Amino acid sequence: MAIPREFIQEVLTRIDIVELIDARVPLQKKSAQNFFACCPFHTEKSASFSVSHSKQFYHCFGCGAHGNAIDFLMQYDRLNFPEAVEALAKTAGLEVPHTETHATKKTIAPDLYTLLEKIAGFYQQTLRKHLPAIDYLKKRGLTGEIAKTFGIGYAPNGWDNLLKAFTASRQHLHEVGMLIQKEDQHYHDRFRDRIMFPIRDRRGRIIGFGGRVIHQGEPKYLNSPETPLFHKGRELYGLYEAQQANRTLKYILIVEGYMDVIALFQHGVTYAVATMGTATTANHIQRLFRYTNEIIFCFDGDNAGRTAAWRALQTAFPLAQDGKQMRFMFLPDGDDPDSFIRRQGRETFETKIQEAQTLSQFFFHALSTQVDLSHLDGRAHLAKLAMEHIQQLPEGIFKTFMLDELAKRTRINTTQFQPKKTQQKNILQPTQSRPTTQLRRVIMLLLQQPTLAQHIQLPLPDFDQRGGDILKTLLDRIQSNPKITTGALLEQWRDQTDYASLVKLAATEHMIPEEGIEEEFKGAISRLRLQSQKQHISKLLAKAATTPLTGDEKSALQTLISESQGEQ
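Predicted model only: the values in this text are computed from it and were never measured.

Caption draft 1: View of the pattern of salt bridges. Overall, the coordinates contain 21 salt bridges when judged by the stated rule. Of the charged contacts, one joins Lys384 and Glu388 as a salt bridge, the two residues approaching to 3.0 Å between their closest N and O atoms. Placement of the pair is Lys384 and Glu388 together in helix 17 (residues 376-390), with a separation of four residues, close to one helical turn. Exposure remark for Lys384: the relative accessible area of 51% places this residue in the exposed category. Note on Glu388: relative accessible area 36%, which makes it partly exposed. For Glu405, the salt bridge identified is with Arg409, shortest N-O distance 2.8 Å. With Glu405 and Arg409 both in helix 18 (residues 397-410) and four residues apart, the pair spans about one turn of that helix. The class for Arg409 is partly exposed, based on a relative accessible area of 30%.

Right, dumping it as structure tokens:
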């Protein structure tokens, strides 16, 4: 289901971003329209986080965070886009309408979440009565408090305990993966004689379970199957508990199992999560980067651990953005996080974290062990192996540094690794070698102060630049809603190619005094018109040099020359 854009605009008009943010981050008024605070998205001592009432837009001059009310909830409350819109709509007293799309997902009944909560309660009650399960947890060093924090329970032995406890919910029990249907159409419990670990989503709702055998048996760990609520490739055990324990997460540690997460948490390491018996996926990494800028993978130091680490690195490479860091931590052979922290303690464990290798260190070390760098053939082989991965990196500073490091190790000129540069297509993205254009300046000022549109005399001339279409679209949207704010205006470009560029322009400091913005804008428009006239004059003169102009073209040329002289 998709949320209509008209409704999103209505929500933004009813929400005051100052009130929204002030309820979470206390703001102080510093000027007529702007409020300030220390940025909630990075650590700072001076207030560089600005919220504009007139623009309905926030911007941090320190870390660059910016956006409208929807963006703030997505960043601060860590909601996805639909969740953020729904939260704002609830605040505004509106009910979210939806439109059908080709990718409409199956609606999940709230009763399924309620059912899983009841099942978790059933398992917790059963644990209190089952001494062997309690003894097992005590031997593993778990306290009653930590068991309560993670909602640990016990699934009793037998084939129909859930069927007896929830007789009216057979179909729903099967739908959420708690029953297995046999060929004769009969059902039996999926989890039997296992310690049960509820798996929670970002909002704390139980979406599935993991179960560990107490005695001998296979598999040692058993997870809920894929269901409408639970998807192993996206969920991470312990993420909800880590959020509850930490307002901000400096980094997040990825470990292998439930017991690792719980043991670390009990010893004060409250920022660990575990995958659900699968390798780390791109979805996992992308999701974690919504909560932190640094991810640390924790592996055993044996060959199996190194192999798993290399698989994680291959998944991570295309996601290694500038400003995001991934490191690799290896424990002594024979240890896992659970055993290591119980034997060595939190301080030693966190020292190991600080010693974790960066992605680049692990990458080059792993590849260098496969080649002989003492001769030319080995260095050429390293270059070939490395480039297969480096070319997957997003364009940016980190990729440049990786290419430089490869050049040092192989003694090959870095230019050999660089692809030929293509001309920048998006004129909204300035480069160091190209000054800010008049067109970008007009768009920037118009985004930041949409009321400036009233000073533009229509129609606008045609511009031989791609940004001309953006300017005309901007004007159309402002004219259809003269009171539109910066935040609401930008929202109309979300999910479009130019969105990121326009948001950056909206957050750009132009250093023009408030009283001079109108004159600066009028001047930029005049210069833009003159620039367009000169471009058309040049085209017509170039044509006249080879082909006689038509009567209309001659008339147009004379008019353009006259107008351009008048503009100067």
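Resuming the write-up.
Caption draft 2: Inspection of the layout of surface pockets at higher detail. Its volume calculated, the second largest pocket comes out at about 880 Å³. Considering the residues around the second largest pocket, the lining is formed by 34 residues, among which Val255, Glu256, Gly257, Asp260 and Thr275 are closest to the centre. Broken down by secondary-structure element, the contributors of at least two residues to the lining of the second largest pocket are strand 11 (221-223), strand 12 (252-255), helix 11 (258-266), strand 14 (294-300), helix 13 (303-316) and helix 14 (337-344). Top element by residues in the lining of the second largest pocket is helix 13. It accounts for six residues. Classifying every residue of the lining of the second largest pocket by side-chain character gives 16 nonpolar, eight polar and 10 charged.

Caption draft 3: Geometry of the sheet that holds strand 4 (residues 57-60). Spatial ordering of the open sheet is given by 1-2-3-4-5, a layout of five strands whose pairing is antiparallel. Pairing within the sheet leaves two strands with one partner each, and these edge strands are strand 1 (28-29) and strand 5 (66-67). With four bridges connecting them, strand 2 (residues 34-37) and strand 3 (residues 49-52) associate as antiparallel partners. Note that in strand 3 the partner of Phe36 across the bridge is Ser50. Packing against the sheet, helix 22 (residues 499-507) makes contact with strand 4 and strand 5, and its axis sits at approximately 80° to strand 4.

Caption draft 4: Summary view of the nonpolar core. In terms of nonpolar packing, the biggest core is built from 103 residues, with Leu253 and Ile390 touching the most fellow members. With eight residues, the top contributor of residues to this core is helix 5 (residues 110-129). With 66 residues, the next largest nonpolar core counts Leu27, Cys60, Ala84 and Leu471 among its residues.

Caption draft 5: Spatial organisation of the sheet that holds strand 9 (residues 194-200). Taken together, the four strands give an open sheet; going across it, the order is 6-9-10-11, and neighbouring strands pair in antiparallel fashion. Looking at which strands have only one partner, the edges of the open sheet turn out to be strand 6 (153-155) and strand 11. The mean angle between the axes of side-by-side strands here comes to 35°, regardless of whether they run parallel or antiparallel. Summarising the sheet, strand 9 and strand 10 (residues 206-213) pair through seven bridges and their orientation is antiparallel. Bridge assignment links Arg194 to a residue of strand 10, and that residue is Val213. Sheet strands touched by helix 11: strand 9, strand 10 and strand 11. Its angle to strand 9, the strand with the most contacts, is close to 75°.

Caption draft 6: Spatial organisation of helix 18. For helix 18, with 14 residues, the first-to-last C-alpha span of 20 Å sits near the 20 Å given by 1.5 Å per residue. Every buried residue of helix 18 is accounted for by Lys399, Met402, Leu403, Leu406, Ala407 and Thr410. The arc enclosing the buried residues of helix 18, seen along the axis, measures out at 140°, which places them on a common side. The exposed residues of helix 18 that point more than 90 degrees off its buried face are Ile397, Phe401 and Lys408. Along its buried surface, helix 18 packs onto helix 16 (359-368) and helix 17. Downstream of helix 18 by a residue or two, Arg411 has a phi angle that is positive, lying close to 60°.

Caption draft 7: Highlighting the packing of aromatic side chains. Counted under the stated rule, the structure contains 28 aromatic pairs. Ring centres of Tyr123 and Phe209 lie 5.5 Å apart, and the angle between their planes is 85°; this geometry places the pair in the edge-to-face category. Here the residue Tyr123 occupies a position in helix 5, and Phe209 occupies one in strand 10, the gap between them amounting to 86 residues. Per residue, the accessibility class of Tyr123 equals that of Phe209, and both read buried. In textbook terms, an aromatic cluster arises when at least three aromatic residues are bridged by ring pairs, as seen for Phe297, Phe299, Trp310, Phe317, Phe328, Phe330, Phe362, Phe363 and Phe364. Between Arg247 and the ring centre of Tyr76, over which it is positioned, the NZ or CZ distance is 4.7 Å.

Caption draft 8: Broad picture of empty space enclosed by the protein. Applying the stated criterion across every chain, the model contains one cavity of 30 Å³ or more. Empty space within the largest cavity amounts to approximately 40 Å³. In this structure, the largest cavity is lined by Leu12, Ile15, Ile17, Gln56, Asn68, Ala69, Thr485, Gly487 and Ala488.

Caption draft 9: Up close: helix 1 (residues 5-14). Within helix 1, burial applies to Phe7, Ile8, Gln9, Val11 and Leu12. Each element contacted by the buried residues of helix 1 is listed here: helix 3 (69-76), helix 4 (81-92) and helix 21 (486-491).

Caption draft 10: Fine view of the pairing of strand 3. In strand 3, alternate side chains face the same way, and those of Phe49 and Val51 on one face and Ser50 and Ser52 on the other are all buried. As paired strands, strand 3 and strand 4 are joined by four bridges and run antiparallel to one another. The partner of Val51 across the bridge, within strand 4, is Tyr58. As consecutive antiparallel partners, strand 3 and strand 4 are separated by four residues, and within that stretch Gln56 has a phi angle of approximately 55°, a positive value.

Caption draft 11: Representation of the environment of Leu249. When you line up the elements, Leu249 lands in the loop between helix 10 (239-245) and strand 12. Assessed through its relative accessible area of 7%, Leu249 is described here as buried. Taking C-alpha positions, Leu249 is 7.1 Å from Tyr271, a pair spaced 22 residues apart along the chain. Ignoring anything within four residues of it in the chain, the contact list for Leu249 reads Arg78, Ala242, Tyr271, Tyr291 and Thr292.

Caption draft 12: View of unusual backbone geometry. Unlike most non-glycine residues, Gln56 shows phi in positive territory, near 55°. Within the element layout of this structure, Gln56 appears in the loop between strand 3 and strand 4. Taking relative accessible area as the criterion, Gln56 reaches 12% and is therefore assigned buried. The backbone of Asp495 shows a phi angle near 75°, a positive value even though the residue is not glycine. The exposed category is assigned to Asp495, whose relative accessible area is 71%.

About the criteria used
Residues numbered from 1 in each chain as written. Predicted model: local features only at pLDDT ≥ 70, side-chain atom pairs only at ≥ 80, totals over all residues. Heavy atoms only, no water. Salt bridge = Lys/Arg side-chain N within 4 Å of Asp/Glu carboxyl O. Helix = DSSP H or I, 4+ residues; strand = E, 2+ residues; numbered from the N terminus. Buried < 20%, exposed > 50% of the residue type's maximum accessible area, 1.4 Å probe, protein only. 1 Å grid on protein atoms, 1.4 Å probe; cavity = no way out; pocket = protein on both sides within 12 Å on 5 of 7 lines; lining within 4 Å. Points joined across faces, edges and corners; volume = space filled by probe spheres on them. Nonpolar A, V, L, I, M, F, W, Y, C, P; charged D, E, K, R; others polar. Pairing = 2+ DSSP bridges. Contact = heavy atoms within 4.5 Å. Axes fitted to C-alpha atoms, helices over the stretch in contact; angles between N-to-C directions. Core = buried A, V, L, I, M, F, W, Y, C linked by side-chain atoms within 4.5 Å. Expected span 1.5 Å × (residues − 1). Arc of directions from axis to C-beta. Phe/Tyr/Trp six-rings, centres within 6.5 Å; stacked < 30°, edge-to-face > 60°. Lys NZ or Arg CZ within 6 Å of the ring centre and 35° of its normal.

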